[in-house]
Amino acid sequence: MAAHRPEGPPKLLGVVAEYETPTALVHAAEKVRDAGFQHWDTYTPFPIHGIDPAMGIRPTRLPWIVLCAGLTGLTTAALLQWWTNAVDYPWVISGKPFLSIPASVPVYFELTVLFSALTALGAMIVINGLPEPHHPLDLKERFGRATDDRFFLYIQARDPKFDESATRALLESTHPEDLDDVMEDQSSPAGLPRPLVIGLAALVCAAIVPFVLFVQARQTMTDQPRIHMVPDMDFQLKYKTQKASAFFADGRTVRPQEPATIAVGQLDEDEHLHHGRVEGEYARTFPSALPVDEAAMKRGQTQYDIFCAPCHGLSGAGDGIVSRRAQDKEQSMWVPPTNLTQGYLRRMPVGQMYELIGKGVRNMPAYGPQISIEDRWRIVLYVRALQRAGNATIEDVPAAERGGLN
Amino acid sequence: MAKKDSDSEHDAPHGGHEDHGGDSTAAVTDDVRLPGAARVAQIAGGVGVVGVLATIGLGVSAGDDLRSFSFAYLTAYVYGLSIALGALVWVTLQHLFAARWSVVVRRVGELFAASTPVMALLALPILVPVLMGNHQLYEWVDHAAVEKDHILHHKHAYLNETFFAVRLVVYFVFWAWLGRYWLTKSVEQDRTKAKGLHAKLYGVSAPSMIALALTLSFAAIDLIMSLDARWFSTIFGVYYFSGAVVAWHSLFALVLFWLQGQGKLVKSVSVHHFHDIGKMMFAFTVFWAYIAFSQYMLIWYANVPEETVWYQERTNGPWQNVAWFLVVGHFVVPFLFLLSRHVKRNRAGLKLGAVWLLFVHWVDMFWLVKPSLGRHGELHGLPIGVMDVTAVVGVLGMLLAAAAWNARDKNLIPLEDERLAKSLAFTNS
């Protein structure tokens, strides 16, 4: 792009006046405003209160643009939350509704602010006609003081009211420090230097390449192993439980227990207490190491209510809140929890019940890691109490209290 | 802000680019005395005393061991207190930021900020029954209940009658001192014409602001949050604070409009000052919503029974409508209404906004206090009655009387403040 220079003598672009004080500038601006000019501007080192009315500038329309952008942001956020949470990928979180307004409010707020702020910036730049890398006034040496201590007023020749001598006279009457013609710029190149343009174009093209590759990769299949962008995160220098080990001779990462050693806290020497068995059979009595008293029963109730009641229900009838909700939602895959007070469970040895709590059964998970050995026994004790209560007859009620029953 | 020489006409802009120091060319040409202030104080005070006495009379004759009285009176009391504390915070804030725009209106704020002693007096109908062991209002006064309830027992070291009284005394001693200090120093300057006062007040304002934040928060906790002594919210003080700032700026605007109606401050207080007050009303309406929602969302999301119970009470039954009214009336409506600068710069618009915000702030206090009345399940419908009206009239009357009484022998503008010229010339374009 060759620097194309206009032919002939330089054209007059306008007249610029320089003032020493902001007050003089404001007065001059009022005069120019009253003369009915359209294409003119003032240049000051800092914002001047009152210059807007003095120049007859109408209130900016930026607030309306920002308001529209804010409402767009709000709408976008509402649609985003609705689509992602309630339509595209419904997912129960803390039992809240899929489309949950309180949880969405922060998103509404953020997108409203984001759209407003970016629009305010962008619209301000566009309305002000920025970026404007080059301006004929830049060629004037005196104009440099517009960023320091002088105040300028520039009327463009393209204004319909512009008349070379009359406009000069108008500005003369405002007593400027200096009055100067602004001529067409014939020294600077008309366009950007060619290497810069080519370089920028190349950069833009290069910037597209990663996205093209990305899209292509998403569309195609490959039999090559995946590319590891962050290898030290994908291949960490540590052993995982079920992985092979190149270090140990037997190739196992998990180490078997050393013969003739016992890990801390794993001395399960009491067959009755720790395994629920007596001479290989399930124990039918509670271990002697554990007192069976009211305190144990209370503790058993507490632990039962925490760990068991959500599924088996507070009375053991298999009607816990989780099960009731699953049935409300008509979950066809749901296996209802066992009623603990009926059937074979009443005849099941306590040792076996103890074992089932620790190791789990069918789709009930193992609670051994969560509930201590003693508490597992106490839960069994409490379940026995529930079984008795669930099958109680009038004979089970103390004679003195039978009168209180209907 | 920008500098412009002071020789230009009417709204000659002065501003922050360069500090001119004392610029004595601009002078207050307004009437700055309010000779009728004593009369206003008498009338407002008379109405106030009648209102408070009527409330007490109605309360005693209700024959419910002061239960309905206590809740109605507390609602009105925390409402009035929030306005007085809002004024105190505002004046302290002006000194903290060495604000120039507000100098012409600061004295009016000082008059209200110095009115906290009357709020101490008005605290007696709450404090005296508590000290006499009446536990209709605060459950933690009931020793039998405290004995039985683990949480109340645990909190007894803080929530007991003696310490409650001690704390109230500490708060009010500090508030009364601070309000009196701002007013006295400022009035003293009118007389002595001393220079450089603002630097000294700036130094006092910083620690005072910290102490104000703490006392205001704890007062909100003691007076309102302890109605539900098992419940807790660490943001509660900020919630009360945000409402207090909204209510104060609303009353502030109305008082200034009234003064201009009396022919005072007509030229000194311009649309630019009202615009700024309107901005504060708008900003703190948003802040209130932000804080209220922050408190709500955390509790709603975590869904811990001991926390949700407070909202359970306040969003069910008749309170559901009140809660929705607050969402719409205390946020959506004033937000949209005050959003435009044209409304904030319009006298009728700002007046309407101020009256509305003062009303919804009372609804907010009502919604904070009154649901606790139903903690034994005796509520059917909204508990609102004559006592709510008489109590608000009483408390507001006394508050206005105190401010007017403070004004009776003082200028309405701190005429000797060095930043007065900048405040007079303040523009808000």
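Residues numbered from 1 in each chain as written. Chains lettered and ligands numbered in written order. Predicted model: local features only at pLDDT ≥ 70, side-chain atom pairs only at ≥ 80, totals over all residues. Heavy atoms only, no water.

*Asks:* How should I be thinking about the overall build of chain B in this particular structure?
*Replies:* Summing up its helical and strand segments, chain B has 17 helices and zero strands in all. The C-alpha atoms of chain B give a radius of gyration of 22 Å, which matches the 22 Å a tight globule of 429 residues would have. A principal-axis box enclosing the C-alpha atoms of chain B has dimensions of 75 × 40 × 35 Å. Taken across its 429 residues, chain B has 57% of its residues classed as buried. Pairs at least 24 apart in sequence give 80% of the contacts found in chain B among residues at least 6 apart. About 17,400 Å² of surface is accessible on chain B, with carbon and sulfur atoms providing 67% of the total. Here chain B contributes 33 positively and 32 negatively charged side chains, and the mean placements of these two sets differ by 7 Å. (Helix = DSSP H or I, 4+ residues; strand = E, 2+ residues; numbered from the N terminus. Rg over C-alpha atoms; globule rule 2.2 N^0.38 Å. Buried < 20%, exposed > 50% of the residue type's maximum accessible area, 1.4 Å probe, protein only. Contact = heavy atoms within 4.5 Å. Areas by Shrake-Rupley, 256 points an atom, 1.4 Å probe, with all protein chains shown as cover. Lys, Arg positive; Asp, Glu negative; His and termini not counted. Charge placed at Lys NZ, Arg CZ, Asp CG, Glu CD.)

*Asks:* Help me understand the overall build of chain A, please; the structure alone is not making it clear to me.
*Replies:* Within chain A, the secondary structure is distributed over 14 helices and six strands. Here the C-alpha atoms of chain A give a radius of gyration of 43 Å, more than 25% beyond the 22 Å that 2.2 N^0.38 yields for 406 residues. C-alpha atoms of chain A, sized along the principal axes, occupy 120 × 70 × 40 Å. Put simply, chain A has 406 residues, and 27% of those count as buried. Long-range pairs, those at least 24 residues apart, make up 65% of the contacts in chain A with a sequence separation of at least 6. For chain A, the computed accessible surface area is about 27,600 Å², with 60% contributed by carbon and sulfur atoms. Averaging the positions of the 38 positive and the 47 negative side-chain charges in chain A gives two centres separated by 9 Å.

*Asks:* Sorry, what's going on with the environment of Glu306 of chain B here?
*Replies:* Residue and element names in this part refer to chain B. With respect to the helices, strands and loops of the structure, Glu306 is situated in helix α12 (residues 305-314). Accessibility expressed as a relative area gives 48% for Glu306, which makes it partly exposed. Spatially, the C-alpha atoms of Glu306 and Phe232 are 8.7 Å apart, while their sequence positions differ by 74 residues. Sequence-distant contacts of Glu306, defined by excluding residues within four places in its chain, comprise Trp231 and Phe232.

*Asks:* When you look at the packing of helix α2 (residues 67-96) of chain B against helix α10 (residues 236-261) of chain B in this model, what are you seeing that I'm missing?
*Replies:* If you want to describe how two helices pack, look at the angle between their axes and the distance between the axes. All names here are of chain B. Across the interface, α2 lies against α10 with an axial gap of 7 Å and an inter-helix angle of 80°. Classified by the angle between their axes, α2 and α10 sit roughly perpendicular to one another. Taking contact as the criterion, the partners of Val78, Leu81, Ser82, Ile83, Gly86, Ala87, Val89 and Trp90 in α2 are, on α10, Tyr240, Phe241, Ala244, Ala247, Trp248, His249, Leu251 and Phe252. (Axes fitted to C-alpha atoms, helices over the stretch in contact; angles between N-to-C directions. Parallel < 35°, antiparallel > 145°, perpendicular 65-115°, else oblique.)

*Asks:* Is there a simple way to explain the packing of aromatic side chains in this structure?
*Replies:* How two aromatic rings sit relative to each other is set out by the distance from centre to centre and by the angle between their planes. Throughout the structure, instances matching the rule amount to 49 aromatic pairs over all chains. Aromatic pair Trp310 of chain B and Trp367 of chain B: ring centres 5.7 Å apart, planes at 80°, arrangement edge-to-face. Separated by 57 residues along the polypeptide, Trp310 of chain B in helix α12 and Trp367 of chain B in helix α15 (residues 347-369) bring together distant segments of the chain. With respect to class, Trp310 of chain B is no different from Trp367 of chain B; both count as buried. In this arrangement the basic side chain of Arg255 of chain A is found over the ring face of Phe248 of chain A, its NZ or CZ atom lying 3.7 Å from the centre. Here the guanidinium or amino end of Arg408 of chain B rests over the ring plane of Trp405 of chain B, the centre of that ring lying 4.0 Å away. (Phe/Tyr/Trp six-rings, centres within 6.5 Å; stacked < 30°, edge-to-face > 60°. Lys NZ or Arg CZ within 6 Å of the ring centre and 35° of its normal.)

*Asks:* Would you mind showing me how to read the pairing of strand β1 (residues 12-19) of chain A here?
*Replies:* Across a regular strand the side chains alternate sides, sitting on one face of the sheet and then on the other. Residues and elements named next belong to chain A. Counting buried positions along β1 gives seven out of eight residues, so the element sits mostly inside the fold. Bridge analysis of β1 against strand β4 (residues 178-183) gives six bridges, and the strand direction is antiparallel. What sits directly across from Glu18, in β4, is Asp178. Of the pairings in the sheet, the one linking β1 to strand β3 (residues 151-156) comprises six bridges and is antiparallel in character. Considered in β3, the bridge of Glu18 is made with Phe152. (Pairing = 2+ DSSP bridges.)

*Asks:* Can you walk me through the sheet that holds β1 of chain A in this structure?
*Replies:* Two orientations exist for strands paired in a sheet by backbone hydrogen bonds: parallel and antiparallel. Residues and elements named next belong to chain A. An order of β2-β3-β1-β4 is seen for the four strands of this open sheet, with the pairing classed as antiparallel. Looking at which strands have only one partner, the edges of the open sheet turn out to be β2 (40-43) and β4. This sheet shows a mean twist of 20° between the axes of neighbouring strands, independent of strand direction. Against the sheet, helix α1 (residues 22-34) touches β1, β2 and β3, its axis set at about 20° to β3.

*Asks:* Can you help me understand the confidence of the model for chain B in this one?
*Replies:* Segments scoring low in pLDDT should not have their predicted coordinates read at a detailed level. Residue and element names in this part refer to chain B. Scored by pLDDT, chain B comes out at a mean of 90, with 93% of its residues at no less than 70. Low confidence marks residues 1-25, where pLDDT is under 50. Its contacts with residues over four positions away, or in another chain, come to 58 contacts. Interface predicted TM-score (ipTM) for the complex: 0.80; the corresponding pTM is 0.75. (pLDDT = per-residue confidence, 0-100.)

*Asks:* Is there a simple way to explain the nonpolar core in this structure?
*Replies:* As a rule of thumb, soluble globular proteins bury nonpolar side chains together. Of all hydrophobic cores here, the largest spans 133 residues; its most connected members are Tyr77, Met119, Tyr138, Trp175, Leu223 and Trp367 of chain B. Of all hydrophobic cores here, the second largest spans 23 residues; its members include Val26, Ala28, Phe151 and Leu153 of chain A. (Core = buried A, V, L, I, M, F, W, Y, C linked by side-chain atoms within 4.5 Å.)

*Asks:* Sorry if this is basic, but what is going on with the environment of Gly48 of chain B here?
*Replies:* Residues and elements named next belong to chain B. Structurally, the position occupied by Gly48 is in helix α1 (residues 37-61). Once the C-alpha coordinates of Gly48 and Val395 are considered, the two residues, 347 residues apart in sequence, prove to be 6.1 Å apart. In contact with Gly48, other than residues within four places in its own chain, are Val393, Gly394, Gly397 and Met398.

*Asks:* Would you mind showing me how to read the pairing of β3 of chain A here?
*Replies:* All names here are of chain A. Burial runs high along β3: five of the six residues are buried. Sheet topology note: the β2/β3 ladder contains four bridges and is antiparallel. Residue pairing across strands places Tyr43 opposite Phe152, the latter belonging to β3.

*Asks:* Would you take a moment to explain unusual backbone geometry for this structure?
*Replies:* Trans peptide bonds make up the majority, and among non-glycine residues the majority have a negative phi. Cis rather than trans, the peptide bond between Leu130 of chain A and Pro131 of chain A has omega equal to -5°. By the element assignment, Pro131 of chain A lies in the loop between α4 (101-127) and β3. Positioned with a positive phi, Glu279 of chain A is a non-glycine residue whose angle comes to about 50°. Within the chain, Lys193 of chain B stands out as a residue other than glycine whose phi angle is a positive 55°. Position of Lys193 of chain B relative to the elements: it lies in the loop between α8 (161-192) and α9 (197-223).

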